[in-house]
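Architecture at a glance
Listed below, chain by chain, are the residues.
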Amino acid sequence: MPPAPPSERSKAAFGLLIATVAWGISPIFIRLLADAYEPWTQTLLRYFWASLALTAWCMVYHRAPFLKLLRDPRPILGLALLNGIGQYCWTAGCYGVESTVANLITKLMVIVVIVLSFIVYRDERRVITHPLYLGGTLISMVGLVLTLTSDPATLMPQFDRYTAMLVVTSVSWAAYFVWGKHVVGKGMNPIPMFAVICVISTIAFVPFSIAFEDFSQSWTAPPMDATLAALSGLLGVAASHPAYHYAQKRLGSAFCSSVTIANPLLTFVLALIFLPGEVLLASQVAGGVLLLSGVYAVARAERVAPAA
């Protein structure tokens, strides 16, 4: 694929900035809303508001492709399933893990993205043997263990259901983004594509909220919580996903992944302001630094590895 013109690259860079900031803020929103909503219901509300916004936008600017895909969503059903699994596990995982740690764990997605790219894109298989890739992966694993060590007396990592959910998020979202890049690269506009994914996901989340949680939370939460839920859906879902798919197509998945490594840093700063009860141990901070360094090395390996 030929390089994108400067104007397109500028738009893509702006889209990547939107996604990076939005995903840095998202775990803060989720933690702030944890007392008002249970995980399925919060996920449902975030996608409900995202669906409303994207549907309105598409009916004005992308009516034909949106309605066509809404009538026959088979090309993106797999994407919707992967994103739905990742979205619920992300939300539920944030309920039991500090917001910064949650974002750090999901940065493992960068490694999974590159591994999946080896499988999908033949010309990228050269990267897996590069020393930066192998060393970065090892460093990331050490960093992850330290990040999950919440008891300084034992220095043993804590693996529980919340951690497992965040690991599932990393894998499912990695597959979702690699597949999404392929679909968008074939010519599908990312805005109507994700708008239909949002509509499908919202409908799918309803029975889970009804069956496993108190569905009345959807309309009985205090106005401030309802406003935060809407804002979370508009920024963390409706704006970020189409923007990231657009950026991936024009800037490349490795570059975009390496930029989103900055997410936990923003999350940490915001957590100090809005979630003062969250405290990270020195070992967890060190682990986070190692994790981010290793993930950056992996992403960098994709850029510097010699062509086959």
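Anyway, here's the lowdown on the structure attached to this text.

Definitions and limits used
Residues numbered from 1 in each chain as written. Predicted model: local features only at pLDDT ≥ 70, side-chain atom pairs only at ≥ 80, totals over all residues. Heavy atoms only, no water. Helix = DSSP H or I, 4+ residues; strand = E, 2+ residues; numbered from the N terminus. Expected span 1.5 Å × (residues − 1). Bend = angle between axes of the 7 residues up to and from the residue. Buried < 20%, exposed > 50% of the residue type's maximum accessible area, 1.4 Å probe, protein only. Contact = heavy atoms within 4.5 Å. Phe/Tyr/Trp six-rings, centres within 6.5 Å; stacked < 30°, edge-to-face > 60°. Core = buried A, V, L, I, M, F, W, Y, C linked by side-chain atoms within 4.5 Å.

What to know about helix α11 (residues 223-251)
Taking 1.5 Å of rise per residue, the 29 residues of α11 would be expected to cover 42 Å, and the 40 Å separating its terminal C-alpha atoms lies within 8% of that figure. Of all the bends found along α11, the most pronounced is centred on serine 240 and spans about 40°, while proline 242, a proline, follows it within four residues. Phi for glycine 252, located one or two positions after α11, is positive at around 95°.

Focus: the environment of glycine 136
With respect to the secondary-structure elements, glycine 136 resides in helix α7 (residues 131-147). Given the relative accessible area of 2%, glycine 136 is considered buried. When the C-alpha positions of glycine 136 and arginine 300 are compared, they lie 9.3 Å apart, and in sequence the two are 164 residues distant. Not counting residues within four places of it along the chain, the set of residues in contact with glycine 136 comprises Pro131, Gly294, Val295, Ala297 and Val298.

Considerations on the side chain of glutamine 217
Looking at where glutamine 217 falls in the secondary structure, it is placed in helix α10 (residues 217-220). Under the relative-accessibility criterion, glutamine 217 is labelled buried at 15%. Residues in contact with glutamine 217, not counting those within four places in the same chain, are Ala36, Tyr37, Glu38 and Thr41.

Some remarks on the packing of aromatic side chains
A complete count under the given rule lists 14 aromatic pairs for this structure. Through a chain of ring-to-ring contacts, three or more aromatic side chains come together here, namely Trp40, Tyr47, Tyr88, Phe194, Phe205, Phe208 and Phe212.

Quick look at the nonpolar core
One broad trend across soluble globular proteins is that nonpolar side chains are buried collectively. Core analysis: the largest hydrophobic core is formed by 67 residues, its most contacted members being Tyr176, Met193, Phe194 and Ile197. Per-element tally for this core: the top contributor is helix α8 (residues 161-185), with nine residues. Among residues more than four places away in sequence, those in contact with methionine 193 are Leu69, Ile76, Leu79, Val183, Val184, Met188 and His245.

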